[in-house]
Amino acid sequence: MTETLRDWIEMRLRTELAPAHLNVIDESHLHAGHSGARPGGETHYRLDIVSAAFEGKSRVERHRIVNGLMDPAFARGLHALALRARTPAEAA
């Protein structure tokens, strides 16, 4: 069985950032016909992640961390990533 891109994203983020909360949502169906969309989806995702790894980091630094971890996903066909990255204190 081939793992989905969603499964790969979740595994990678859980392994690297040990999130207290993680929600990976495939929103590809909302972008059908748009740039980067393709049949079968797995092109547009929304992430909500809460991790202590973001402590002391700016919003831009948090996005850079996550986007860097997603480089293989972009190579695999990920086109767009919407991201909400918070610390546990911010999520409380």
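Keep in mind the model is a prediction, meaning the values are calculated, not measured.

### Observations regarding unusual backbone geometry
Phi at Ala-18 is positive, roughly 40°, even though this residue is not glycine. With respect to the helices, strands and loops of the structure, Ala-18 is situated in the loop between helix H1 (5–17) and strand S1 (21–26).

### Let's talk about the sheet that holds strand S2 (residues 44–50)
Spatial strand order, S1-S2-S3: three strands in an open sheet with mixed pairing. Only two strands of the sheet have a single partner each, and these edge strands are S1 and strand S3 (80–86). Mean inter-strand twist for the sheet, computed between neighbouring axes without regard to direction, equals 10°. For S1 and S2, the ladder comprises six bridges, and the chain directions are antiparallel. If you follow Leu-22 over to S2, its bridge partner there is Ile-49. Lying on the sheet, H1 is in contact with S1 and S2; it crosses S2 at an angle near 25°. Strands S2 and S3 of the sheet are contacted by helix H2 (residues 59–69), whose axis makes an angle of about 130° with S3.

### Let's talk about the nonpolar core
Core analysis: the largest hydrophobic core is formed by 19 residues, its most contacted members being Ile-9, Leu-13, Leu-47, Ile-49, Val-66 and Met-70. Elements supplying a minimum of two residues to this core: H1, S1, S2, H2 and S3. For this core, the element with the most residues is H1, which contributes five residues. Apart from the residues lying within four places of it in its own chain, the contact partners of Met-70 are Trp-8, Ile-9, Arg-12, Leu-13 and Leu-81.

### Some thoughts on H1
With 13 residues, H1 should cover 18 Å at 1.5 Å per step; its first-to-last C-alpha distance of 18 Å lies within 8% of that length. Within H1, the full set of buried residues consists of Leu-5, Trp-8, Ile-9, Leu-13 and Leu-17. The buried residues of H1 occupy an angular sector of 125° when the element is viewed end-on, so they sit on one face. Its buried side turned inward, H1 meets S1, S2, H2 and helix H3 (71–76). Phi turns positive, to about 40°, at Ala-18, one or two residues after H1.

### Quick word on the pattern of salt bridges
Side chains carrying opposite charge are able to pair once their charged atoms draw close together. This model, assessed by the stated rule, comprises six salt bridges. Arg-6 serves as the salt-bridge partner of Glu-10, at 2.7 Å between the closest nitrogen and oxygen. Of this pair, Glu-10 and Arg-6 both sit in helix H1, four residues apart, which is roughly one turn of that helix.

Cut-offs used in this document
- Residues numbered from 1 in each chain as written.
- Predicted model: local features only at pLDDT ≥ 70, side-chain atom pairs only at ≥ 80, totals over all residues.
- Heavy atoms only, no water.
- Helix = DSSP H or I, 4+ residues; strand = E, 2+ residues; numbered from the N terminus.
- Pairing = 2+ DSSP bridges.
- Axes fitted to C-alpha atoms, helices over the stretch in contact; angles between N-to-C directions.
- Contact = heavy atoms within 4.5 Å.
- Core = buried A, V, L, I, M, F, W, Y, C linked by side-chain atoms within 4.5 Å.
- Buried < 20%, exposed > 50% of the residue type's maximum accessible area, 1.4 Å probe, protein only.
- Expected span 1.5 Å × (residues − 1).
- Arc of directions from axis to C-beta.
- Salt bridge = Lys/Arg side-chain N within 4 Å of Asp/Glu carboxyl O.

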